Every structure is written in structure tokens, then in C-alpha cells.
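Each chain, written out:
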Amino acid sequence: MKYSLGRAAPVQMVVVHERSLAQLEILCKQLYESTDTTTRLQAEKALVEFTNSPDCLSKCQLLLERGSSSYSQLLAATCLSKLVSRTSNPLPLEQRIDIRNYVLNYLATRPKLAAFVTQALIQLYARITKLGWFDSQKEDYVFRNAIADVTRFLQDSVEHCIIGVTILSQLTNEINQADTTHPLTKHRKIASSFRDSSLFDIFTLSCNLLKQASGKNLNLNDESQHGLLMQLLKLAHNCLNFDFIGTSTDESSDDLCTVQIPTSWRSAFLDSSTLQLFFDLYHSIPPSLSPLVLSCLVQIASVRRSLFNNAERAKFLSHLVDGVKRILENPQSLSDPNNYHEFCRLLARLKSNYQLGELVKVENYPEVIRLIANFTVTSLQHWEFAPNSVHYLLSLWQRLAASVPYVKATEPHLLETYTPEVTKAYITSRLESVHIILRDGLEDPLDDTGLVQQQLDQLSTIGRCEYEKTCALLVQLFDQSAQSYQELLQSTNSSAMDIAVQEGRLTWLVYIIGAVIGGRVSFASTDEQDAMDGELVCRVLQLMNLTDSRLAQAGNEKLELAMLSFFEQFRKIYIGDQVQKSSKLYRRLSEVLGLNDETMVLSVFIGKIITNLKYWGQCEPITSKTLQLLNDLSIGYPLLDFLFDV
């Protein structure tokens, strides 16, 4: 069937339009290809005028039918999108139906258009469909037949299948995203209706097509077959990533996300073949596609707990853990950074959505927790590989460690074995990185204090689990570095590089000591643990005395910032009304440094603040954090009187 964009134009108008066709194509070429800014601006201005012209619709059809360049087709698609999106003087319903039908026919008869033209036309279809979702003609919602619209594409060539799947994927994405030109309430009504009437059918279709594709031994070296599988995975991911309840969650907190799958989808997740499909795909497709599979698994692992009863949830979790175990046993594809990142996200979701008491009851838990621990230790040791993914691994272990006091299951959780390994791997890998970073001039993680603080917040909980081992390790490493540093300062033959390396190691250690002291709030602390804190605090204060004595000659900004971070953590835990003055920490400070009570410790704080303002007044980061420390000390507990008396 031959479609048009509306009523046919008179013959004389077509002649006029054809005369301007060449001029429009020249303007398109200038807009998209010219390197001259003035030429591009003039072309853009002329094309804006074209978009606003009364005969834009008929000219767009002429560009699509007779234009000789892909740029003219792109212009037509873009202009049509603007026309159907305008809120003032909207196009009549019949005309929008004509445009929808024309676009579908155009795509069906031209499967080998330039990729950007196909994408623009699919975007146009999705836009028309979304904005016309509640429009009806003779009691028929004429824009709700998306699956029927793409059926003829799915029954044709691979190129046509790609177009059909992309149409559904783009439509799902378009309806999921609010825009600023239309009310949010209208967007939510459309999204809710689409979710209830079409989304599950689209997801089921994507899974069925993935099963068919995986069973056909696709030649993924063939560009079109590779493209089809990629679009199918994108479609499945867009369905799973849909904002089911209209919360529009912030993607930056995606590790905390729960996927609010509707109850009507239960059958898809009670059937283990859905989960198995994605795990099987991961092991059978190349690394260029498997990150998309893992992204789908991340969403599936995050399905809301209330979708299942207890028995169903245990069964689902068992299948999920088995799939993770299989990946860890065959880790070759994880050498790809994108796969690695998505897999780390998947591991984090295991604990964000399930309780430790549930995990330990999984049949293969002892083997899986061992594999995860080994994977984490190896990842931390290779600190230069995908550093942005470490957050998810530390998040997993932080949540596991925080759950230890509350787990009631009789099955062993084994975290007393593995959390010290994770803690040790993080600490030693950061220390070992210092020399390599300085030697090779690499980017120093310590320059990103926000990232460092985020990781330390996570480590603070992990490190307090089996704290005796953590403390012993920190004491050993600190004493080694501090002794080496002192010897270098006393030697006349020391190189600047050697001194910088030890200062870098001590910077990490001071940050980490501050963090694990701050982690005291995560666990019920004992007198013995307070005494361990005292051992660490004594060492940091002794180091501070050494570095402060050298400030007239030299200082290290990063080490000073670490000291301030340490002071802030110490203040939160051990200074104030709630602290028992008989704490073994204060006893240890008295024995080693002669600091007999809180008042004497506060004198150290004030002395450090004064020293920093004296020697680091030109350093904004140190000055700012020093003044913040002073402000924090002066709030709340009646320290203000003491501060004025000092």
C-alpha cells in the first residue's frame, strides 16, 4: 500500500517544491558537513525557517521520496518529529495516523537506509505513538498496536527484524522518559497504561526471540545477525529497566535499586527458564554483547522480594547464585572491562536485595562465597583495572559484614574467614600502588578525595569485622612505613622519590585508620577493641608530631588532609558526652603519650588547628577542612567553653 503524509498537494505546488528541493539538500549538506561556522549558522537559520513554514509537511514528504542524500532524509524526519510534538496548533488525528503509517511503510520498503536516518524515523514513530496513546478513532485506540505494527518486520529479513525490534525498544524507552514539553501527570498516565497493556507482551516477545536466536547458532561475525541480537538484548533491558511505579530513581544510586515488577509478570520469574536464558546467553555470545546480558541479569536479580513467597524466593535465589557461580568458575570474559563492571554490579545486588540469612541457606553458598572472595581479592590487587567498579565489590562486603550481628541462620556464613582477606587486599594494594603511580606518573586516586572517602566508608564496616586481624595488620604496616620514613629523613643520601613513596603509604594508612575507627559505630564495641583503637591513634599522633616538626622546611598536603580526616573520625567516636572517660583508648593514650583525659586530647586538636592555620594558610583544601574541624568541635557538647579557655 502506498501511504502519504496527508492530502495530496496540487500539481503546481509540487513543481514549486521540487524547485526548492535542491536548495534544501544544499542547506542540509552545509549544516552537517561544513567546517565553516558562519556557513553552518546560516544553513541552520534557513532550515529553522523551513521547519516553521506552512508547507513543511509536504516538503518533508518530497525530501523523503526524492531526496538524494541521507542528510535530507534526516532533516525530514527531524522536522516531522517537531511537528507532531508541538503543543500549540497540533496536527489533526487523521494526519498523525497518516504520518505513522507512512513511516512504517517507508522503513519496510527501505531497510538499508543510513543508520542515523532509520533511528530518526523510529524515534518519530515512537514520538507519535506516545503522544497519541489516548487518542481514539471509532472507539479504537489507534496508536496502541505496536506489536501488530512490527509483526511484518519480524517475519521478513534480518534487516527488517532489526528495524522491528528497534521500534519496540525505542518506543519502550520513549514512553519511560518524561519530557519538559508535556505535563508530568500525562507522562505517568501514558507510562502506566503502556505498562499495563503492552509492556509484558513486549518483554515476553523479546525473550521468545532471544530463545529462537540462541537456538539457531547465529553467525555473530555477520554484522546484521550481531546487530539483531544486540537490539533484542537492548529491548529486554529497556523492559526490565522500565520505571514501573513512577519513582524516577536517580541512576547514581542504582546499587540500591529494587525493580518493582508488576504482580502480573510473576509467571516469567517463577519460570527458571527466563533466568537461565540470560545466563546461557552470557556464556555463548562474544564480549561485545555480553555486558548487555549482565545488565539484564542485574535487573532480574533486583526484582522486588514481595513478588515471591518464601519458598519461591529461595528457589529463585538458588538459581541466581548457581548462575553467578558458573560465571566465577569460567571468568575468561570478565577480562573485558564492561563485563567486569556489570558483573560487579550483579554481585552487589545479591546482598542489596537478599538477606545474609537467605544466602547462607543456598546449597552452594560455601563454594560461592569462596569464589566471590577470591574474585574480590584479585580485583583489589589489580587496582589499575576498572577502578570505578571497586565500589560495587566493597558495597557487597560492607553489607555482608554489617549483617553478621543479625544473622540467625544456623548455617555458617564464613565471613570471619573472608572479610580479613578482603580488608588485607584493599590495604596492601593501595600501599603497593603508591610507588607505581609515582614512578610512572599515573593519576593518583588520593587526588579524588570524594572517591577515597566513599571507599573508606565501605571499608570501615568490613575492617571492623574480625577487627583484631585488621588492627594487627595496620600496626605492622604502619610501623614498617613510619620506621622507613624516619630513617629516610635522618639520612643525608635519601632520594625525594623514596621519601614521597613512604609519605604516600603513610597517607593511605592514616586515612584507613581513621576509617576503621569511624567504623566502630557499625558493631557493638568491646574494651579490647577500644584498646586496639588506642594503639592506632597513638601511632597517628606520633606521626603528626614528626611531620609538624618539619613544616618549616617541608610538608605533604595529601598527608595533612589524611590527618584531618582521621581527626574528624576520632572526634565523632571518642569526643563528647556519650564517651566513657574510662575507655581503654584513653588509658592507652595516657600510657604512651601522657594524654590522660579528653581535655588533654582536645589540646592536641587545638594545637593542630593552630599549626595548620600557621603553615597551610595558603592551601585552601587544608584551611577549609581545618576550619570545618574547628566548627564541628564547637557545636553541641559544651566544648565551646573549653576552646575559649585554651
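You'll find the structure just up there.
Figured I'd write up the structure that's included with this text. Treat the numbers as computed from the prediction; the structure is a model and nothing was measured. (Residues numbered from 1 in each chain as written. Predicted model: local features only at pLDDT ≥ 70, side-chain atom pairs only at ≥ 80, totals over all residues. Heavy atoms only, no water.)

**Structural notes on the overall build of the chain**
Then comes step 1: Scanning the chain for helices and strands turns up 28 helices and 2 strands.
Then comes step 2: Taken over the C-alpha atoms alone, the chain extends approximately 100 × 65 × 50 Å along its principal axes.
Then comes step 3: When the accessible surface of the chain is summed, it comes to about 29700 Å², and 50% of that surface belongs to carbon and sulfur atoms.
Then comes step 4: Across the chain, the 59 positively charged side chains and the 71 negatively charged ones have centroids separated by 7 Å. (Helix = DSSP H or I, 4+ residues; strand = E, 2+ residues; numbered from the N terminus. Areas by Shrake-Rupley, 256 points an atom, 1.4 Å probe, with all protein chains shown as cover. Lys, Arg positive; Asp, Glu negative; His and termini not counted. Charge placed at Lys NZ, Arg CZ, Asp CG, Glu CD.)

**Focus: the packing of aromatic side chains**
The geometry of an aromatic ring pair is captured by the separation of the ring centres together with the interplanar angle, meaning the angle of the planes.
Then comes step 1: In total, this model carries 20 aromatic pairs according to the counting rule given.
Then comes step 2: Centroid distance Y340 to F375: 5.7 Å. Interplanar angle 50°. Geometry classified as tilted. Of the two residues, Y340 sits in helix α15 (residues 337-353) while F375 sits in helix α17 (residues 365-381), which places them 35 residues apart along the sequence.
Then comes step 3: Connected via pairs of aromatic rings, a cluster forms that spans W133, F194, F200, F203, F242, F244, W265 and F269. (Phe/Tyr/Trp six-rings, centres within 6.5 Å; stacked < 30°, edge-to-face > 60°.)

**Focus: helix α22 (residues 496-518)**
Then comes step 1: Counted at 1.5 Å a residue, the expected span for α22 with its 23 residues is 33 Å, and the 33 Å between its end C-alpha atoms agrees.
Then comes step 2: With 19 of 23 residues buried, α22 lies mostly within the body of the structure. (Expected span 1.5 Å × (residues − 1). Buried < 20%, exposed > 50% of the residue type's maximum accessible area, 1.4 Å probe, protein only.)

**Things to note about the packing of helix α12 (residues 272-284) against helix α13 (residues 290-301)**
Then comes step 1: Close contact between α12 and α13 brings their axes to 9 Å; oriented N to C, the two are set at 155°. Taken as axis vectors, α12 and α13 run roughly antiparallel relative to one another. Of the two elements, α12 crosses α13, and the hand of that crossing is left-handed. Taking contact as the criterion, the partners of L275, F278, F279, L281 and Y282 in α12 are, on α13, S290, V293, L294, C296, L297 and I300.
Then comes step 2: Of the residues contributing to the contact of α12 with α13, the split by class is 10 nonpolar, 1 polar and no charged. (Axes fitted to C-alpha atoms, helices over the stretch in contact; angles between N-to-C directions. Parallel < 35°, antiparallel > 145°, perpendicular 65-115°, else oblique. Left-handed = near helix turned anticlockwise from the far one by under 90°. Contact = heavy atoms within 4.5 Å. Nonpolar A, V, L, I, M, F, W, Y, C, P; charged D, E, K, R; others polar.)

**Remarks on the environment of Q276**
Then comes step 1: Tracing the sequence through the fold places Q276 in helix α12.
Then comes step 2: Judged by relative accessible area, which is 35%, Q276 ranks as partly exposed.
Then comes step 3: Once the C-alpha coordinates of Q276 and H319 are considered, the two residues, 43 residues apart in sequence, prove to be 7.9 Å apart.

**Section: the side chain of E342**
Then comes step 1: Its location among the elements puts E342 in helix α15.
Then comes step 2: The class of E342 is buried, set by a relative accessible area of 12%.
Then comes step 3: Excluding residues within four positions of it along the chain, E342 makes contact with P291, L294, S295 and V298.

**Examining the environment of L91**
Then comes step 1: Mapped onto the elements of the fold, L91 is located in the loop between α4 (70-85) and α5 (93-109).
Then comes step 2: With 283 residues separating them in the primary sequence, L91 and N374 have C-alpha atoms 61 Å apart.
Then comes step 3: Setting aside chain neighbours within four positions, we find L91 in contact with L83, V84, R86, R96 and I99.

**A closer look at the environment of Q529**
Then comes step 1: Mapped onto the fold, Q529 is located in helix α23 (residues 527-549).
Then comes step 2: A relative accessible area of 16% places Q529 in the buried class.
Then comes step 3: The residues contacting Q529, other than those within four sequence positions of it, are R464, Y467 and A524.

**Concerning the nonpolar core**
Then comes step 1: Within the largest apolar cluster, 205 residues are counted, with the highest numbers of intra-cluster contacts made by L121, F269, F278, F343, W397 and L589.
Then comes step 2: In terms of residue count, α22 provides more of this core than any other element does, 12 residues in total.
Then comes step 3: Apart from the residues within four sequence positions on either side, W397 is in contact with I369, I372, A373, T376, L415, Y418, T419, V422 and I462. (Core = buried A, V, L, I, M, F, W, Y, C linked by side-chain atoms within 4.5 Å.)

**Focus on unusual backbone geometry**
Generally, phi is negative for residues other than glycine and the peptide bonds are trans, each holding for most cases.
Then comes step 1: For L414, which is not glycine, the phi dihedral falls at a positive 65°.
Then comes step 2: Considering the arrangement of structural elements, one finds L414 in the loop between α18 (390-403) and α19 (415-440).

**Topic: empty space enclosed by the protein**
Then comes step 1: What the rule picks out here adds up to 3 cavities of 30 Å³ or more.
Then comes step 2: In this structure, the largest cavity encloses a volume near 90 Å³.
Then comes step 3: Looking at the largest cavity, the residues that line it are V321, L350, L359, V362, Y365, V368, I369, I372, L396 and L400.
Then comes step 4: For the lining of the largest cavity, the element with the most residues is α17, which contributes 4 residues. (1 Å grid on protein atoms, 1.4 Å probe; cavity = no way out; pocket = protein on both sides within 12 Å on 5 of 7 lines; lining within 4 Å. Points joined across faces, edges and corners; volume = space filled by probe spheres on them.)

**Observations regarding the pattern of salt bridges**
Then comes step 1: Scanning the model with the defined rule gives 27 salt bridges in all.
Then comes step 2: One salt bridge connects R110 with E65, and the closest N-O pair in it is separated by 3.6 Å. Taken as a pair, R110 in the loop between α5 and α6 (115-131) and E65 in helix α3 (residues 56-66) lie far apart in primary sequence, 45 residues in all.
Then comes step 3: Overall, R110 belongs to the partly exposed group, its relative accessible area being 26%.
Then comes step 4: Linked by salt bridges that have partners in common, D479, E535, R539, R588 and E591 make up one network. (Salt bridge = Lys/Arg side-chain N within 4 Å of Asp/Glu carboxyl O.)

**Regarding the state of the cysteines**
Then comes step 1: A complete count under the given rule lists 0 disulfides for this structure.
Then comes step 2: Free cysteine: C60, not disulfide-bonded; nearest cysteine sulfur from C56 at 3.8 Å.
Then comes step 3: Note on C60: relative accessible area 0%, which makes it buried.
Then comes step 4: Of all cysteine sulfurs, the one in C538 lies closest to C471, which takes part in no disulfide; the gap is 11 Å.
Then comes step 5: For C471, a relative accessible area of 5% corresponds to the buried category. (Disulfide = S-S within 2.5 Å.)

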